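# Examination of the molecular architecture
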Amino acid sequence: MKRLLALALVALFGASSLTACSSEQGVISGSQIGIAQIGELNSINPDVSSDLTTAHNASELANLTTAKFFDLGPTGELIANEKLGTVDASGTKQMRVTYTLSDSAVWSDGVAIDATDLALSFAAATSLGGSNFYSVRRDSGLQFAKIASTPKVGDKSLTLEFSSAVADYQTALTLSVAAHTVATKAFASSDATAAKTAALNAILNQDAVALDALAESYRSGFDSWQGITDESLFVSSGAYRVAKVSGKTSVELVANSNYQNGHLPRVQTLKLQYFADATAAIAAMSSGQIDIATAEDSGIASLGDILGLVSTIESPKVSSVVKSGAMTEQVIFNFRSTSIFSVERNNQDPAAALSVRKAFLNLIPKNRIITGISQNYSVTSSDSLVFSSGMNYYDSSVSENGLTEYLFQDVEKASELMAASGLELPLKVRVVFDTDNPRAQAAWILLRERALSAGFKLKDLSSQDPTQVLASGDFDVYIGARPVVSLPSENVFAITSSAVFGYTSDLVDGALEELALAADERDRGAALAKLDKLLVADAYGMPLYEVPSLLVYADRIKGFVPSAYADSATWGYQNWAVEPTPQG
């Protein structure tokens, strides 16, 4: 399942709290569940992902192996996890945030989680000192922060100071891998305490050489391509720890016997298996090898086809649910200087660049695209760059955001705008999309039909993994699924901090600051609606429709609760219970 990198956006209000729960029961000895994942897992460090194909699978692993200050609830809301610790903020435009770990917070090997672990997480997210850790959080609000305390090894808190208010401060600091593991490998040391001290000093002093060593260990030391036999790399802060890695094909997890950092697990063993496509995963489910799987369209089968396969499974008994609202298919412009839609390529004239982007938006046959997709299964139109249709404020935002201007394809208007641009026509536009995404392929076919009439000559840059093209900046338009940025599980700052699309706007930054300072849901909704309107006015891109996701699970799992948008096979592990697997 290919998804763009997604990080945590956090609301500043109404958080519930996860505290000790006497109703939680112990691990069921001998119990086991098989979980299907689509694609590959290249690292057992779930904070590391350099491409689109592994980002989702990394987040799925993180649900099981990474303790968090805030967890997601059954409706996608944030729930404070006081078993791990607390997050306390003060100030407004210049925020100071203190992350405090509980006395009981420990890694799976029994080593206490401390300020060094938090500092390493910060260094990874910010590529501190220019060292690239390949963190999935590199576009988070932590980029606006600096360490404002001077912790020692063993301390239980870390304070950050943010140069501007950010909305994701509660979730952006994570505990994916242990500092003592990373540091001992980075500095070839057998003394874990000395290695941690060296790591903390390197971070506080921004020692470039030492940071590079830490970054190399962090991003490459947990590679799972050829399997991993060094069990010191299996240390976890989550409910499960890695027990066995079989290259790119499977990862076996066992319940963390030292876990005190959140909801306790009940199933003893989880086996994550990686398949090339959803049809293979569903076939494995029909044989009883897999108990939980998620699926989307692929180049091999549509969601409708996959639902048909699920309906043929007679034994073991399975249930399924289809939901949407977490991802939307979008057409997004590249704003970097390499793009024809950038200010730099339009004589440094923002108005001229805006006019060219508006021309392209008028070319997009949105209704025809939705009609074509709906022949396979029903989809919901998305008319907001910020909200999904089931959210509060969606309807009011849609009525005012300005996207009705592009409700229907208007080739004549697009042609008029291009004729007035002064550019040499037809304008060559490089379009990148994932060839394994049949939705994007269908949109591409319809988009190019009238392109020449509007003054555009489209060039197909599609591939099975467009990561390299996106990273290079040598493209003009991207078609594909992107997260709904207003979800608590996503990172709204990726709009203006993404190195891929290069979009910047002082007005949008102002709206993001208003969002971070929102005192209640009404203020937050108003800030998001303002953001939506600003993005449309700047011709940031066009939302097409909400991408449905299918979640299939075996009826033998008692207490199974689907994730809020049916897009995760690993969320809600604490609810699962199964009978022990027979031996022999």
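Placed above this text is the structure.
Computed from a predicted structure; not experimentally measured. (Residues numbered from 1 in each chain as written. Predicted model: local features only at pLDDT ≥ 70, side-chain atom pairs only at ≥ 80, totals over all residues. Heavy atoms only, no water.)

## Re the overall build of the protein
Convention followed: Comment: elements are numbered from the N terminus, with helices defined as DSSP H or I runs of at least four residues and strands as E runs of at least two. Radius of gyration: C-alpha atoms only; globule rule: 2.2 Å multiplied by the number of residues to the exponent 0.38. It only takes one pair of heavy atoms within 4.5 Å for two residues to be counted as in contact.
Scanning the protein for helices and strands turns up 17 helices and 19 strands. The C-alpha radius of gyration computed for the protein amounts to 24 Å, which stays within 12% of the reference 25 Å derived for 584 residues, consistent with globular compactness. The principal-axis extent of the C-alpha atoms belonging to the protein is close to 70 × 60 × 45 Å. Contacts in the protein between residues far apart in sequence, at least 24 positions, make up 73% of those at least 6 positions apart.

## So, empty space enclosed by the protein
Where empty space is left can be seen by rolling a probe of water-molecule size over the atoms. Rules: Cavity and pocket criteria rest on a 1 Å grid covering protein atoms alone: a 1.4 Å probe that fits but cannot get out defines a cavity, protein on both sides within 12 Å along at least 5 of 7 lines defines an open pocket, and an atom within 4 Å of a point defines a lining residue. Grid points are joined across faces, edges and corners, and a volume is the space filled by probe spheres set on the points. For this classification, the nonpolar set comprises Ala, Val, Leu, Ile, Met, Phe, Trp, Tyr, Cys and Pro, the charged set comprises Asp, Glu, Lys and Arg, and every other residue, Gly included, is treated as polar.
Scanning the entire structure with this criterion turns up 4 cavities of 30 Å³ or more. Space inside the largest cavity adds up to approximately 80 Å³. Split by residue class, the lining of the largest cavity holds 8 nonpolar, 3 polar and 1 charged.

## Quick look at the sheet that holds strand 6 (residues 96–101)
Condition: For two strands to count as paired, DSSP must find a minimum of two bridges between them. Axis geometry follows a simple rule: fit a line to the C-alpha atoms, using only the stretch in contact for helices, then measure angles between N-to-C directions, giving values from 0 to 180 degrees.
The strand order across the open sheet built from 4 strands is 5-6-8-7, with neighbouring strands paired in antiparallel fashion. Of all strands in the sheet, those bounded by a partner on one side alone are strand 5 (85–90) and strand 7 (145–147). The average undirected angle you get between the axes of adjacent strands in this sheet is 25°. Taken together, the 3 bridges between strand 7 and strand 8 (residues 157–162) define a ladder with antiparallel strand orientation. Bridge pairing in strand 8 places Ala145 opposite Phe162.

## A short note on the sheet that holds strand 18 (residues 541–546)
The mixed open sheet is built from 5 strands, whose spatial order is 16-15-17-14-18. Edge positions in the sheet fall to strand 16 (456–460) and strand 18, since each of these pairs with one other strand and no more. Ignoring which end each strand starts from, the neighbouring axes of this sheet average 30° apart. Bridge count between strand 15 (residues 427–433) and strand 16: 5 bridges; the pairing is parallel. When the sheet's bridge partners are listed, Leu427 is paired in strand 16 with Phe456. Contacts from helix 8 (residues 350–363) reach strand 14 (327–333), strand 15, strand 16, strand 17 (477–483) and strand 18 within the one sheet, and its direction differs from that of strand 16 by about 75°.

## Description of unusual backbone geometry
Along the chain, Ser315 connects to Pro316 via a cis peptide bond; the corresponding omega equals 0°. Relative to the helices and strands, Pro316 is located in the loop between helix 7 (303–311) and strand 13 (318–323). The residue after Leu425, namely Pro426, is reached through a cis peptide bond having omega 0°. Assignment of secondary structure puts Pro426 in the loop between helix 11 (411–419) and strand 15. Unlike most non-glycine residues, Ala539 shows phi in positive territory, near 50°. With respect to the secondary-structure elements, Ala539 resides in the loop between helix 17 (521–537) and strand 18. Positioned with a positive phi, Ala566 is a non-glycine residue whose angle comes to about 55°.

## A look at the side chain of Ser49
Rule in force here: Whether a residue is buried, partly exposed or exposed follows from its accessible area with a 1.4 Å probe, protein chains only, as a fraction of its type maximum: under 20%, in between, or over 50%, in that order. Pairs of N or O atoms are called polar contacts if they sit within 3.5 Å, as long as, within protein, a hydrogen donor faces a hydrogen acceptor (for residues adjacent in sequence, only side-chain-to-side-chain pairs).
Along the chain, Ser49 turns up in the loop between strand 2 (28–38) and helix 1 (52–65). Classification of Ser49 as buried rests on a relative accessible area of 2%. One polar contact links the side chain of Ser49 to the main-chain amide nitrogen of Ala55, over a distance of 3.3 Å.

## Focus on the pairing of strand 9 (residues 240–246)
By the bridge criterion, 6 bridges tie strand 9 to strand 10 (residues 250–255) in an arrangement that is antiparallel. Residue Lys244 lies in a different strand from strand 10, and its bridge partner there is Glu252. Remark: 3 residues form the turn of the hairpin made by strand 9 and strand 10, two consecutive strands paired antiparallel; Gly247 in that turn has positive phi of roughly 55°.

## So, the pattern of salt bridges
Rule in force here: We define a salt bridge as a contact between a side-chain nitrogen of Lys or Arg and a carboxyl oxygen of Asp or Glu at a distance within 4 Å.
Following the criterion strictly, the structure yields 16 salt bridges and no others. Across the pair Lys152 and Asp155 runs a salt bridge, and its minimum N-O distance is 4.0 Å. Given a relative accessible area of 56%, Lys152 falls into the exposed group. The residue Glu514 makes a salt bridge to Lys530 at a minimum N-O spacing of 2.7 Å. Taken together, the residues Glu514 in helix 16 (residues 506–516) and Lys530 in helix 17 connect sequence positions 16 residues apart. The class for Glu514 is partly exposed, based on a relative accessible area of 38%.

## What to know about helix 2 (residues 115–126)
Just so we agree on the cut-off: A helix is expected to span 1.5 Å for every residue after the first.
The end-to-end C-alpha distance of helix 2 is 16 Å, a good match for the 16 Å that 12 residues give at a rise of 1.5 Å each. Counting buried residues in helix 2 gives 11 out of 12 residues, a clear majority hidden from the surface. Those residues of helix 2 that sit buried are Ala115, Thr116, Asp117, Leu118, Ala119, Leu120, Ser121, Phe122, Ala123, Ala124 and Ala125. Turning to helix 2, the residues buried within the fold contact strand 6, strand 7, strand 8, helix 3 (179–186), helix 4 (192–205) and helix 5 (208–220). Backbone nitrogen of Thr116 and a side-chain oxygen of the N-cap are separated by 2.9 Å at the start of helix 2; the cap is Asp114.

## Overview of helix 9 (residues 366–373)
Cut-off, in case you're wondering: By construction, the arc corresponds to the directions joining the helix axis to the C-beta atoms.
Listed as buried for helix 9 are Lys366, Ile369, Ile370 and Ile373. Take helix 9 and look down its axis: the buried residues cluster within an arc of 95°, on one side only. Among the structural elements, helix 12 (438–449) and strand 18 are those in contact with the buried residues of helix 9.

## Examining the nonpolar core
Heads up, the condition is: Here, nonpolar core refers to any group of buried Ala, Val, Leu, Ile, Met, Phe, Trp, Tyr and Cys residues whose side-chain atoms link them within 4.5 Å.
In terms of nonpolar packing, the biggest core is built from 182 residues, with Phe360 and Phe456 touching the most fellow members. In terms of residues, this core owes the most to one element, helix 2, which gives 7 residues. Residues contacting Phe456, with those up to four places away along its chain left out, are Phe341, Val356, Ala359, Phe360, Leu363, Met418, Pro426, Leu427, Val429 and Ala451.

## Comments concerning the environment of Ala199
Turning to its location among the elements, Ala199 is positioned in helix 4. Using a relative accessible area of 3% as the deciding quantity, one classes Ala199 as buried. Spatially, the C-alpha atom of Ala199 lies 8.7 Å from that of Phe187, the residues being 12 residues apart in sequence. Other than its neighbours up to four places away in sequence, Ala199 contacts Ala183, Phe187 and Leu214.

## Describing the environment of Val251
Within the element layout of this structure, Val251 appears in strand 10. Judged by relative accessible area, which is 1%, Val251 ranks as buried. In this structure, the C-alpha to C-alpha distance between Val251 and Lys271, residues 20 residues apart in sequence, is 5.9 Å. With residues up to four places along the chain from it excluded, the contact list for Val251 reads Leu41, Val242, Lys244, Val245, Leu270, Lys271, Leu272 and Tyr274.

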